[in-house]
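A structural walkthrough
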Amino acid sequence: MRLRTVIPLFAFMLLAVLLAVGLRLNPREVPSPLIDKLAPGFILPTLYKQSANISPADMKGKVWLLNVWASWCGACRAEHSVLNRFVKDHQVEVVGLNYKDGSREAKQWLKKLGNPYAKVAVDREGLVGIDWGVYGVPETFVIDQQGVIRYKNIGPVKQQDIDETIMPLIVQLQQGNVS
Amino acid sequence: MTPRRKKRLLLVLLMIFGVSSATALALKAFDQNMMFFYSPTEINAGKAPENRDFRIGGLVVQGSVVRSEKSLMVKFDLTDTKEVITVQYAGILPDLFREGQGIIARGQLNDGVINAVEVLAKHDENYMPPEIADAVATAKEAN
Amino acid sequence: MIPEIGHIALIIALVMAVVQASLPMIGAQQRKLEWINLASPLARGQFLFVAVAYGCLTYSFIVNDFSVRYVASTSNTALPLLYKVSGVWGAHEGSLLLWALLLSAWTVVVSLFSRGIPLLILARVLSVMGMISIGFISFMLFTSNPFVRLFPAPMDGRSLNPLLQDFGLAIHPPMLYMGYVGFSVAFAFSIAAMIDGKLDAAWARWVRPWTNIAWVFMTLGIALGSWWAYYELGWGGWWFWDPVENASLMPWLVGTALIHSLAVTEKRAAFKSWTVLLAIFSFSLSLLGTFLVRSGVLTSVHAFTTDPARGLYILVFLVLVIGGSLALYAWRAPSLRSIGQFSAISRETGLLLNNVVLVAMAGSVLLGTIYPLALDALGVGKISVGPPYFNQIMVPLGVPLFLAMGLGLTLRWKKDSTSRLSKKAIIPMGLALLIAILLPLLFAPEQHGLTFIGLILASWVALAAMIWLLNQGRSPFKLPASTWGAVIAHIGMAVTVTGITLTSIYSLEKDVRLAPNEQYSLGDYQFKLIGVQKVQRDNYVAYQGTVEASERGEQAMLMHPEKRTYLSQSRPMTEAAIDPGLFRDLFVALGEPLGKGAWSLRIYHKPFVRWIWLGALFMALGGLMAALDKRYRRLSSRVEVTV
């Protein structure tokens, strides 16, 4: 083995380390600065009743989920069956935030795939999305009894996420074990 | 010197020449063409350079797009949800340019307004360019 | 049922790949003939099962089986059949399957054309290709299985991105993949040679045609991609220095160096360890290209998918393949002795210069692509490196490359004299000088130093190649195909450079605002907007503009740029109207409505832009001819199959 022939190997190792670090910087893993902060407030019309309003304040005292979705979003479709099962198995309310979507399409979608949401807030312009730091659909937030965001799931929620992260957190929150 | 040595030397010299001139070129080109990315907050804090192109990203503020009647000049506001900065651009906006969407502009800062030479919109409906996501997230953090 | 068959076929293929990767390699070490002999049948079996899996997925696309998640997320009932078939590789999972299919097909073809290759080497080559296959098939099965079912099945799938509903784009990835995957042959041969410790002229003769063929596909793939970007993205540019484009350019540059260095290894038994290193690099860069594109480490307009888990898998795979082969290189390369000696003025030196410049170019592109990532990783800041960076590097590096390219064919092996060379060079150089001075004076609207440089280099390369061909002392038609191939490829490069130079310097581009019946003149051309109307088509609605374009005094013609909105998609698409020509393209694209019937329009006049792709066709033809030269066929044909 001579020094000359080892150089390419070293150069590549450097590059590999760089790529590994770069990989960690994936946009999906940008931590939400909203975690452990009070959830931004909003007052939005609901999907099925234009006149009725919904606001995070209504949910005070419960642990709940906010799920950002849209009928134009392919990944939401994959997520939907997981959410349906989730609300069947657990006594947790999920509020949908219908993001930049048409009401007709959204209703059709829910009719076809089932409606896991306790309520659906309509954010046609995506303004609430900006407040909540939503930078992709779908995203899911866990909010505790005091209205503090405890967890944010970026991308579709998988059954594994529910079993390993979301449900244990909710149980803990419900027992008041998290400071 | 033996012919073998001579050849070696030649090879080595050629290599060194090639590598060093390429490196010199690369460094020079880098120095001139590196473009930094700033968010509206950073620009309003005076961090952006003068007389030099840079990139800015943010969400187009609803209702802020104003077009000229006569020319292709268009003006709009960009925000990272905290601060707002106005962008001017003479040209055709990309297909995916919409109010409320994330975009990236390239240009220079003059009197508090960005004169853009290029405007890019995000390509995917579902995701923001990471720079914008980052800028928005950082602006939130500061709140 | 069909998707499950595909899934199982893929699992069987993986098992066969594992056996193909291990037994022949061990057999070759321990001289067990029965294990060595397993290599070819296993390669064929693996290909069969990957093909079955691929067929199953294609079937699911054709019958609109939306219970398969991949089909549901990339296809739609309204899609024409052609785009259903090409939709198979329209996204991440399917393109991996295509990659695996092409890899196993290349492996089978190598095993078919293996006469004359010692069994030991063949066993090792097929084994290495099996290892790569393991990487790709397991990547699919563990992180991106295309056969996963979706429940409940949607009634209607999701439409392909309309950008991707295009013939040019449909055949662009397979071409590029053929090139990427093809470099695995040279890679596998290099690994085998290092294990063997022997690398001779015969070895180089086995590797050369494979490398040429891979390079041909790569050339076509890159040209197609550039052409597609030009007419479909609606921006009128033909190269953006986008990370994805760079990812395909880097292996091409190194592959070009490899082709030339292989010539030295064959003819002069020199540059041996360098050739091996280039073979490793060109395949590594192909893999790196996949990594950069697929992992979303670099965001770009092309990125189909971003998923960190997949990225991590590819990274581990990269480290194993590239790190492993470079470690082997560090250990074994010193045993590959180069014996051929040469003097300072010789074809070897010329080819060395070619190699150094091409690798430097690839290195600069890599640097420009990776550097922003490095700064981001170090937390220094977010930067981007614009096209000027690449242009500023490519142009000065290109000058010595092209000067050497003109001399390259004329240069003699081992030792040549300056006086002979200058005698040979004087005619083509003189003619080139004449062309570079006269043509712009006669035809160009203005003079420009870079036009002179570009034209003189291009005509120098083309003329030197042609004059050399005529001076061979034989009728040119009796010369071997590889000689013709080299000449044609060199001329192709000259044509491409001419196109790049002239279109970069003399293009006229303007964004304008036009009301109906208003006109605008650009150079010698007048453009008049007649009007814009709404039209309804099968799967989209569009604003269709009618623009009258006329050259001074000539008959006017109508151009119809469109702004389309595809059903099931909300975003509009710009469909430019292009009037193509050998010497100039006219390009009109609709911008946005500006009220009162007025629209913003993008109008380009692009001289010689077609030459860029025309030259690439010449290069591909040259590469193909060189690969089909008789002297390779004598050595390696058993079955007459054309590749």
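Residues numbered from 1 in each chain as written. Chains lettered and ligands numbered in written order. Predicted model: local features only at pLDDT ≥ 70, side-chain atom pairs only at ≥ 80, totals over all residues.

Moving on, we come to the overall build of chain B. When helices and strands are tallied, chain B shows 3 helices and 7 strands. Listing each helix as α and each strand as β along chain B from the N terminus yields α-β-α-β-β-β-β-β-β-α. Looking at the 143 residues of chain B, the share that counts as buried comes to 37%. (Helix = DSSP H or I, 4+ residues; strand = E, 2+ residues; numbered from the N terminus. Buried ≥ 20, exposed ≤ 12 C-beta atoms within 10 Å, placed from the backbone.)

Summing up its helical and strand segments, chain C has 19 helices and 11 strands in all. Whereas a compact globule of 643 residues would reach a radius of gyration of roughly 26 Å, chain C reaches 26 Å, a difference of no more than 12%. In terms of its C-alpha atoms, chain C occupies a principal-axis envelope of roughly 85 × 80 × 55 Å. Within the span of chain C, comprising 643 residues, buried residues form 55% of the whole. (Rg over C-alpha atoms; globule rule 2.2 N^0.38 Å.)

If you look at the biggest cluster of nonpolar residues, it comprises 189 residues, and the most contacted ones within it are Ala-13, Ala-53, Ala-100, Val-125, Phe-189, Val-254 and Val-461 of chain C. At 17 residues, helix α9 (residues 201-232) of chain C tops the list of elements feeding residues into this core. Excluding residues that lie within four positions of it along the chain, Ala-53 of chain C makes contacts with Gly-6, Ala-9, Leu-10, Ala-13 and Leu-97 of chain C. If you look at the next biggest cluster of nonpolar residues, it comprises 40 residues, including Trp-64, Leu-66, Val-68 and Trp-109 of chain A. (Core = buried A, V, L, I, M, F, W, Y, C linked by C-beta atoms within 7 Å. Contact = placed C-beta atoms within 7 Å.)

We now examine the sheet that holds strand β9 (residues 577-579) of chain C. Residue and element names in this part refer to chain C. Read across the open sheet, the 4 strands follow the order β2-β11-β10-β9; overall the sheet is antiparallel. The two strands at the open ends of the sheet, each matched to only one other strand, are β2 (508-514) and β9. Shown here is a sheet whose adjacent strand axes are inclined to one another by a mean of 20°, direction ignored. In this sheet, strand β10 (residues 584-595) lies alongside β9 in antiparallel orientation, the contact comprising 3 bridges. (Pairing = 2+ DSSP bridges. Axes fitted to C-alpha atoms, helices over the stretch in contact; angles between N-to-C directions.)

The next thing to look at is the domain arrangement of chain C. The domain architecture assigned to chain C consists of domain 1 (1-165), domain 2 (176-336 + 347-360 + 380-386) and domain 3 (508-608). Relative to domain 3 of chain C, the C-alpha centre of domain 1 of chain C lies at a distance of 43 Å. (Domains from an automatic or database assignment.)

Right, let's get into the interface of chain C and chain B. Taken residue by residue, the interface counts 36 residues in chain C and 33 residues in chain B. Where the side of chain C that touches chain B is concerned, the elements lending two or more residues are α13 (347-377), β1 (383-385), α14 (387-408), β2, β8 (572-575), β10 and β11 (598-607) of chain C. With 8 residues, α13 of chain C is the single largest residue contributor to the side of chain C that touches chain B. Across 3 bridges, strand β1 (residues 34-38) of chain B lies against β1 of chain C in antiparallel orientation. Its bridge partner being in β1 of chain C, Met-34 of chain B is matched across the sheet by Val-385 of chain C.

Along an α-helix, a turn takes 3.6 residues, which lines up residues three or four apart on a common side. If you check helix α3 (residues 39-62) of chain C, its first and last C-alpha atoms are 34 Å apart, about what 24 residues at 1.5 Å a residue would give, namely 34 Å. Of the residues trailing α3 of chain C, Asn-64 of chain C is marked for its positive phi of about 55°. (Expected span 1.5 Å × (residues − 1).)

This prediction gives chain B a mean pLDDT of 76; 80% of its residues lie at or above 70. Per-element mean pLDDT across chain B ranges from 55 in helix α3 (residues 130-142) of chain B up to 90 in strand β5 (residues 84-90) of chain B. (pLDDT = per-residue confidence, 0-100.)

Residues and elements named next belong to chain C. Structurally, Val-276 is set in helix α11 (residues 272-295). When the C-alpha positions of Val-276 and Phe-189 are compared, they lie 8.8 Å apart, and in sequence the two are 87 residues distant. Apart from the residues lying within four places of it in its own chain, the contact partners of Val-276 are Ser-190, Ala-193, Met-194, Tyr-329, Ala-333 and Leu-336.

Below, the discussion takes up the environment of Gly-100 of chain B. Residues and elements named next belong to chain B. By the secondary structure assignment, Gly-100 is in the loop between β5 and β6 (102-110). Residue classification places Gly-100 among the partly exposed positions, given that 15 C-beta atoms sit within 10 Å. The spacing of Gly-100 and Glu-69 is 31 residues in sequence and 23 Å in space, taken between C-alpha atoms.

Attention shifts here to unusual backbone geometry. Residues and elements named next belong to chain C. We note that Ala-269 has phi near 50°; this positive angle belongs to a residue other than glycine. Tracing the sequence through the fold places Ala-269 in the loop between α10 (243-268) and α11. The class for Ala-269 is partly exposed, based on 17 C-beta atoms found within 10 Å. In the Ramachandran plot, Phe-271 falls in the positive-phi region, its phi being about 60° despite a non-glycine side chain. Inspection of the secondary structure puts Phe-271 in the loop between α10 and α11. By C-beta crowding, Phe-271 is classed as buried, having 25 other C-beta atoms within 10 Å.

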